[in-house]
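# Examination of the molecular architecture
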Amino acid sequence: MVSTRVFLIATLLLSVGTTVWSTSQNEDYLEMDLSEYQSLTRLRHLSVEFLDFYQNITLKDLLPGESPRIPTQEDLECLSDLTLLTQGVSTASLWAIRMFDSWGSIPSGILKGNLKDLGNYDECLAIDHSVVSGHSVRGKYCFAKIPFGKISGVPSILNVNTAVCFPSTCSGTHMDTMIRQLFKQLLNLEISADLELVNDASCKTADKEPYDGVTIFTIVLLSILAFLMVLATLYDYFICEDQKKLPPIVKAFSARANSRTLFRIVDNKSNPNVIDCLHGMRCMSLVWVIFGHDYIIAGVSPNINIVDAYKVGYSMLIMITKSLITEISLIQWFNSAFFMLIREGVFSVDTFFFLSGLLVVLLGLRYVERTKGKLNVPMMYLHRYLRLTPVLAIGILIYMKILPLLGDGPLFGGVAMEDYSLCKDNWFWTLLYVQNYATNDLCIAHSWYLAVDMQLYIIAPFLILALYKWGKKGAAGVFVLMLLLASCLFSMMVIKKYSMVSGGTTSMKKIYFGTQTRASPYLIGVLFGYFLHVNRGKTFKLNRPTVWLGWIISLALFFTCIFALYDVSISMPIVDEAFFLTLGRMAWPLGLCWVIFACMQGYGGLANSFLSSPLWQPLSKLSYCAYIFHMLIESLNGGITRTSTYFSNYQVMLRFWGDFGFVVILAYFMYILIEAPFGNLESLLLPTRKPSPAVAPVTKVPATIESTSETAPPLPNKSALTDEKASVTFTASS
């Protein structure tokens, strides 16, 4: 449930966001009594106060109360190490001083929203003082919550978090007990037992768990794939002189051969079936996704300027900050025009749905025409499943078992949008592509898109056959289906009060993850693909006013989708929200239809020059791996943070470009290690119909964010994030 809740927060911030209350800067700040602030400042040097209070620590300090329980072995070990610690401080032992030196303090700038002090994580965990043979005092790093709301008299509780370091033999309960007594002594404050000041879940030690069977299996599997890749590459480079005579099995694993395919540029002049602009469209949408997720990671990381960054006053900050998951809080994002580009980043997903429907129908109708209406539907499904699943399956293993081995830090595992350990309980739902309905705890949160796209692909053959047999009547049927599903979304939101703003898990599952509610862009892509198929080879002569009108309408649709909610109150009526969500999911792909049409017909101008640049082609082929593994880089870089940061658009951009560079590098290695080899093997083992000579080689175009490979099966089986060859062609691959 934790994973889904965090992802819901992330999606909420990106899709609908929140709006800033219009109150003056002066009125927003909370007036605090001077004595209350002075009480708080007594905790500035928390470690010093702790030492003064517990100079002569006894068992009663660990087991308070009139009738304490019988001490356990753990209690006695903790007491023994704490005694050694206080003695070490009194004798100025370096290891003992380091343990308290690593503590955090009450952060400076609380009134600006600086709510967390990370202390010195590495100094705490590096403590390993040998006492006797077989026993040593080791550091244990934890977060302690300070109920600042109670101290300042604010009705809502606003927790300040600071790092503490104790002997590893002490549990979170021991630390909670001692810190609770310290607060009572210093502040004359009785803290409710319901408020846990120190949670064992926030604690870390230098001890590493031994590799379990799944971890060993993952390392062995990746090692075998790497060995096969290196072996095939060496054979290709040093032994085989004629590339045409390279054995297929060697070519499947050769990094040299797969890299050559990856970086091969297809010239649309030599292949009229290629739609070059789709490459740029796919890549820009991928960049949008990664950039938006970087904003979420930056937003939930410890920032020293929450009040300034999110344009809220102190009293408003207290009202909207609630501890949701460990140390992560839902905070108010600022409502600037620039941030609307981030908050409405969900339209990048609609772009992928649109491209998926477009390519499936466009390539599918070509294939059905060649076979005179015959379509091997089971083989279509099998091809697509085998194209998408290897990368996703190995991705699950890497997120679940390899990511924890790649780094460490006070926030590691706490700033990601999900808890990857949940994969051990629900990985099979992900591999069945039903996770958007079957569970609330998504294994890899962003994989919900693959589930929706796969489910839409299941109905694709029937749409293709309907369009082939009944033509315009079939297209009318698809149009009616789209309107019915859009009406279903609108009705659900209005009648059942499902809201992206305040609806919670149920609303998100129904209107964000639900396939029936995400079908509009896909079906518009289906209809546009049918239009392009029917009018293939035709040239549309448009006068200048018509072209300008097309671009004005298209840009108006884009700008309306992105900026319509600018400066709109957070308490937007459910009917207004339902209209925006329903119409927005249709308006965005309609705008894309004109962009593609204009680029194909020579009316694209600068847009076509940009989107059709051959530089996009290699990245578009890496888009599937980049989509699957981008959160690995973002979670890793967010988790190894050691200090609080300053939040600004520029700082997030710096974070993004670093993350994006590593994402592309990782995607390349995953492509030559997993995606291309398995795609080649799938093409070798399963029957595929060769395209007719008249049709140019196929290049994959994003159709959804799902798969990619080198040779395509008889019918589009990929997703918008996968491109096999180099450009989008009207052939029997997808």
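Residues numbered from 1 in each chain as written. Predicted model: local features only at pLDDT ≥ 70, side-chain atom pairs only at ≥ 80, totals over all residues. Heavy atoms only, no water.

## What about helix H24 (residues 504–511)?
Every buried residue of H24 is accounted for by Thr505, Ser507, Met508 and Ile511. Buried residues along H24 cover an arc of 165 degrees about the axis, so they all sit on one side. (Buried < 20%, exposed > 50% of the residue type's maximum accessible area, 1.4 Å probe, protein only. Helix = DSSP H or I, 4+ residues; strand = E, 2+ residues; numbered from the N terminus. Arc of directions from axis to C-beta.)

## Some remarks on the confidence of the model for the protein
Looking at the protein, the pLDDT average stands at 82 and 80% of residues meet or exceed 70. Across residues 1–32, confidence stays below pLDDT 50; counting only partners more than four residues off in sequence or on other chains, it has 102 contacts. (pLDDT = per-residue confidence, 0-100. Contact = heavy atoms within 4.5 Å.)

## Here we look at the state of the cysteines
In total, this model carries 4 disulfides according to the counting rule given. With its sulfur 2.1 Å from that of its partner, Cys124 forms a disulfide with Cys165. Taking the sign of the torsion about the S-S bond as the criterion, the disulfide between Cys124 and Cys165, at about 85 degrees, is right-handed. One end of the pair, Cys124, is in helix H8 (residues 121–125); the other, Cys165, is in strand E4 (residues 159–167), with 41 residues separating them in the sequence. Exposure remark for Cys124: the relative accessible area of 0% places this residue in the buried category. In this structure Cys165 comes out as buried when scored by relative accessible area, which is 1%. Along the protein, the cysteines that take part in disulfide bonds pair up as 1-5, 2-4, 3-6, 7-8, counted in sequence order. Considering cysteine sulfurs only, Cys277 is the nearest to Cys599, which forms no disulfide, with 4.3 Å between them. Under the relative-accessibility criterion, Cys599 is labelled buried at 8%. (Disulfide = S-S within 2.5 Å.)

## Let's talk about the pattern of salt bridges
A complete count under the given rule lists 13 salt bridges for this structure. The closest approach of N and O atoms between Lys401 and Asp212, which form a salt bridge, is 2.6 Å. On the criterion of sequence distance, the pair formed by Lys401 in helix H19 (residues 377–406) and Asp212 in the loop between strand E5 (204–205) and helix H11 (213–239) is long-range, its members being 189 residues apart. Judged by relative accessible area, Lys401 falls into the buried class, the value being 19%. Arg536 is the partner of Glu369 in a salt bridge, and the nearest nitrogen-oxygen pair spans 3.0 Å. (Salt bridge = Lys/Arg side-chain N within 4 Å of Asp/Glu carboxyl O.)

## Section: the environment of Val274
The topology assignment puts Val274 in the loop between helix H13 (255–263) and helix H14 (277–300). Judged by relative accessible area, which is 9%, Val274 ranks as buried. Taking the C-alpha atoms as reference points, Val274 and Met600, 326 residues apart in sequence, are found 9.3 Å from one another.

## Things to note about unusual backbone geometry
Phi is positive for Ala92, close to 60 degrees, though the residue is something other than glycine. Relative to the assigned elements, Ala92 resides in the loop between helix H6 (73–90) and helix H7 (94–101). The exposure class assigned to Ala92 is exposed, which follows from its relative accessible area of 52%. With phi around 60 degrees, Tyr433 is a residue other than glycine that occupies positive phi space.

## Observations regarding the packing of H19 against helix H30 (residues 623–639)
One can describe the packing of H19 onto H30 by two numbers: an axis separation of 10 Å at closest approach and a directional angle of 10 degrees. Relative to H30, the element H19 lies roughly parallel. On H30, the residues touching Leu388, Val391, Leu392, Gly395, Ile398, Tyr399, Leu403 and Leu406 of H19 are Tyr624, Cys625, Ile628, Phe629, His630, Met631, Leu632, Ser635 and Leu636. Residues of the contact of H19 with H30, tallied by class, amount to 14 nonpolar, 3 polar and no charged. (Axes fitted to C-alpha atoms, helices over the stretch in contact; angles between N-to-C directions. Parallel < 35°, antiparallel > 145°, perpendicular 65-115°, else oblique. Nonpolar A, V, L, I, M, F, W, Y, C, P; charged D, E, K, R; others polar.)

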